[in-house]
Amino acid sequence: PSTHKDSYAWNVLWTWSKPKIRWEELNVWQRVNHFQEAKQLSRKDCLKKNIARYRNIPGKIGEAFDILPLTFTLPGDYVQFCTEFAKRYDTAERNYWIMKPAGSSRGRGIFVFNDI
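About the cut-offs
Residues numbered from 1 in each chain as written. Predicted model: local features only at pLDDT ≥ 70, side-chain atom pairs only at ≥ 80, totals over all residues. Heavy atoms only, no water. Helix = DSSP H or I, 4+ residues; strand = E, 2+ residues; numbered from the N terminus. Rg over C-alpha atoms; globule rule 2.2 N^0.38 Å. pLDDT = per-residue confidence, 0-100. Phe/Tyr/Trp six-rings, centres within 6.5 Å; stacked < 30°, edge-to-face > 60°. Buried < 20%, exposed > 50% of the residue type's maximum accessible area, 1.4 Å probe, protein only. Patch = residues over 30% accessible without salt bridge, like charges linked within 9 Å, V, L, I, M, F, W, Y side chains within 5 Å. Areas by Shrake-Rupley, 256 points an atom, 1.4 Å probe, with all protein chains shown as cover. Salt bridge = Lys/Arg side-chain N within 4 Å of Asp/Glu carboxyl O. Lys, Arg positive; Asp, Glu negative; His and termini not counted. Charge placed at Lys NZ, Arg CZ, Asp CG, Glu CD. Expected span 1.5 Å × (residues − 1). Contact = heavy atoms within 4.5 Å. Arc of directions from axis to C-beta.

### What about the overall build of the chain?
If you tally the helices and strands in the chain, you get four helices and four strands. Start at the N end of the chain and walk to the C end: the helices and strands fall as β-β-α-α-α-α-β-β. For the chain, whose C-alpha radius of gyration is 21 Å, the value lies well above the compact-globule estimate of 13 Å for 116 residues. Based on the C-alpha atoms only, the size of the chain along its principal axes is roughly 70 × 35 × 20 Å.

Here it is, written out as structure tokens:
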């Protein structure tokens with residue numbers, strides 16, 4: 001919907017990509033299958049960043065967000081990852097890691113590794 005004339009002509013907009021609409025012009029009955037800034041929840045790297053931000057809030061609110069396993073975002077956390085990997089490599093603990101590319105979906109590019 002791009003013109004005023006057809007702005008009332010639909011109830012649901014279903015799209016596979018980011019919709020090109022003016023969110024503030026939606027009518028109360030109109031629905032879109034995407035949320036603004038949805039990638040903040042759906043992309044694993046953004047989700048990790050946002051949960052970590054909330055985890056840093058003092059008190060019970062921050063404690064409620066203590067829900068992630070040890071997670072690194074590469075390449076930014078590469079040194080920290082290598083340090084943790086080396087610590088675990090020297091123990092009898094199994095040292096398996098899951099690599100999930102940030103921009104992929106539907107399981108593409110995910111692999112398990114135990115050596116760097």
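Resuming the write-up.
### Here's the deal with unusual backbone geometry
Looking along the chain, the bond that leaves Leu74 and enters Pro75 is cis, with omega of 10°. Within the secondary structure, Pro75 sits in the loop between helix H3 (60-64) and helix H4 (78-89).

### Concerning the confidence of the model for the chain
Averaged over every residue, the pLDDT of the chain is 86; residues scoring 70 or more account for 93%. Taken element by element, the predicted model of the chain shows its lowest mean pLDDT in helix H1 (residues 39-42) (82) and its highest in H3 (93).

### Here's the deal with the packing of aromatic side chains
Under the counting rule described, the total for this entry stands at nine aromatic pairs. When the ring of Phe72 is compared with that of Phe81, the centres are 5.6 Å apart and the planes differ by 65°; the resulting orientation is edge-to-face. The exposure class of Phe72 is partly exposed, given its relative accessible area of 22%. Here Phe81 falls in the buried class, since its relative accessible area comes to 5%. Geometrically, the ring pair formed by Phe85 and Tyr89 is stacked, given 6.0 Å between the ring centres and 20° between the ring planes. Here Phe85 and its partner Tyr89 are both found in helix H4, four residues apart, which amounts to about one turn of the helix. Following the ring pairs from residue to residue traces out a cluster consisting of Phe72, Phe81, Phe85, Tyr89, Trp97, Phe111 and Phe113.

### A few points about a positive patch on the surface
Taken together, the side chains of Lys18, Lys20, Lys39, Lys49 and Arg53 make up a positively charged region of the molecular surface. Here Lys49 lies in helix H2 (residues 44-55). Accessibility expressed as a relative area gives 46% for Lys49, which makes it partly exposed.

### Some words on H2
With 12 residues, H2 should cover 16 Å at 1.5 Å per step; its first-to-last C-alpha distance of 16 Å lies within 8% of that length. Of the positions making up H2, those classed as buried are Cys46, Lys48, Asn50 and Ile51. On its buried side, H2 packs onto H1.

### With respect to a nonpolar patch on the surface
Residues Tyr96, Ile98, Ile110 and Val112 make up a contiguous nonpolar surface patch of roughly 440 Å² in combined accessible area. Tracing the backbone shows Ile98 in strand S3 (residues 97-99).

### Section: H4
Under the 1.5 Å per step criterion, the end-to-end length of H4 is 16 Å for 12 residues, consistent within 8% with the ideal 16 Å. What H4 keeps buried is the set Phe81, Glu84 and Phe85. Mapping the buried residues of H4 onto a view down its axis gives an arc of 105°, with all of them on the same face. Looking at H4, the residues exposed on the side facing more than 90 degrees away from the buried face are Val79 and Lys87. In the core, the buried residues of H4 are packed alongside S3 and strand S4 (111-113).

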